[in-house]
Amino acid sequence: MLAKTAKKELPDIILVQEPYVKDNKIEGLPGYWKSWLSKNNKAGIIALPTCNNPIFLLSGNDIVAIKIQVDSSPLSIISSYSSPYCEIDQNLNETSNLITSLQGEDYLIGADLNTHS
């Protein structure tokens, strides 16, 4: 289903949370798509062949990040997941530390933070 939608919509990058994972890989992706997962396999980034030279930045427990070039500027792409059963502070700290390390570069975050009260 994802491949069919991507063929129609033509994205360069897809951010996913809670993907179906087998052997530490997102299942059902064409072999020529690149993908990266967080250490807990709950956040992922998929780069399609139209994405120009994505560079892996990091895989944390709850987040995963890559860097791409947009026009003449770098853009970091972050995918994040926070379980509704865990404290959100760990996720926010991990994300904040990554953003600080980018030293003012542009970034985009896609996150499933669930409901925390």
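Residues numbered from 1 in each chain as written. Predicted model: local features only at pLDDT ≥ 70, side-chain atom pairs only at ≥ 80, totals over all residues. Heavy atoms only, no water.

- Looking up the chain in an unreviewed UniProt entry gives the name Endonuclease/exonuclease/phosphatase domain-containing protein, with the organism given as Araneus ventricosus.

### Observations regarding the overall build of the chain
Okay, step 1: Broken down by element type, the chain carries 2 helices and 9 strands.
Okay, step 2: Reading the chain from its N terminus to its C terminus gives the helix and strand order α-β-β-β-β-β-β-β-β-α-β.
Okay, step 3: In summary, the chain has a C-alpha radius of gyration of 14 Å against a globular reference of 13 Å for 117 residues, a match within 12%.
Okay, step 4: Expressed as lengths along the three principal axes of its C-alpha atoms, the size of the chain is roughly 40 × 35 × 25 Å.
Okay, step 5: Across the 117 residues in the chain, those meeting the buried criterion constitute 36%.
Okay, step 6: In the chain, of all internal contacts separated by at least 6 residues, the share reaching a separation of at least 24 is 51%.
Okay, step 7: On the chain, roughly 7400 Å² of surface is accessible, and the fraction owed to carbon and sulfur atoms is 49%.
Okay, step 8: The averaged location of the 13 negative side-chain charges in the chain is 12 Å from the averaged location of its 9 positive side-chain charges. (Helix = DSSP H or I, 4+ residues; strand = E, 2+ residues; numbered from the N terminus. Rg over C-alpha atoms; globule rule 2.2 N^0.38 Å. Buried < 20%, exposed > 50% of the residue type's maximum accessible area, 1.4 Å probe, protein only. Contact = heavy atoms within 4.5 Å. Areas by Shrake-Rupley, 256 points an atom, 1.4 Å probe, with all protein chains shown as cover. Lys, Arg positive; Asp, Glu negative; His and termini not counted. Charge placed at Lys NZ, Arg CZ, Asp CG, Glu CD.)

### Overview of the environment of Ile66
Okay, step 1: With respect to the helices and strands, the residue Ile66 is situated in strand β7 (residues 63-70).
Okay, step 2: Under the relative-accessibility criterion, Ile66 is labelled buried at 0%.
Okay, step 3: C-alpha of Ile66 to C-alpha of Asn114: the two residues are 48 residues apart in sequence and 23 Å apart in space.
Okay, step 4: Every residue in contact with Ile66, bar those within four places of it in the chain, is listed here: Ile13, Trp36, Ile45, Pro54, Ile55, Phe56, Leu57, Leu75, Ser76 and Ile77.

### Brief notes about the side chain of Ser76
Okay, step 1: Position of Ser76 relative to the elements: it lies in strand β8 (residues 73-81).
Okay, step 2: Here Ser76 is in contact with Leu57, Ile66, Lys67, Leu102, Glu105, Asp106, Tyr107 and Leu108, once residues within four sequence places are set aside.

### A few points about helix α2 (residues 89-101)
Okay, step 1: Here α2 is 13 residues long and its end C-alpha atoms lie 18 Å apart, about the 18 Å a rise of 1.5 Å per residue gives.
Okay, step 2: Here α2 has its buried residues at Asn91, Glu94, Thr95 and Leu98. The buried residues of α2 all sit within an arc of 95° when viewed along its axis, so they share a single face. The exposed set on the far side of α2, more than 90 degrees from its buried face, consists of Asn97 and Thr100.
Okay, step 3: At its buried positions, α2 is contacted by β6 (55-59), β7, β8 and β9 (106-112). (Expected span 1.5 Å × (residues − 1). Arc of directions from axis to C-beta.)

### With respect to unusual backbone geometry
Okay, step 1: One non-glycine residue, Asn41, lies in the positive phi region at around 60°.
Okay, step 2: One can find Asn41 in the loop between β4 (34-37) and β5 (43-47).
Okay, step 3: Even without a glycine there, the phi angle at Asp71 is positive, about 55°.
Okay, step 4: Among the secondary structure elements, Asp71 is positioned in the loop between β7 and β8.
Okay, step 5: Here Asp71 falls in the exposed class, since its relative accessible area comes to 79%.

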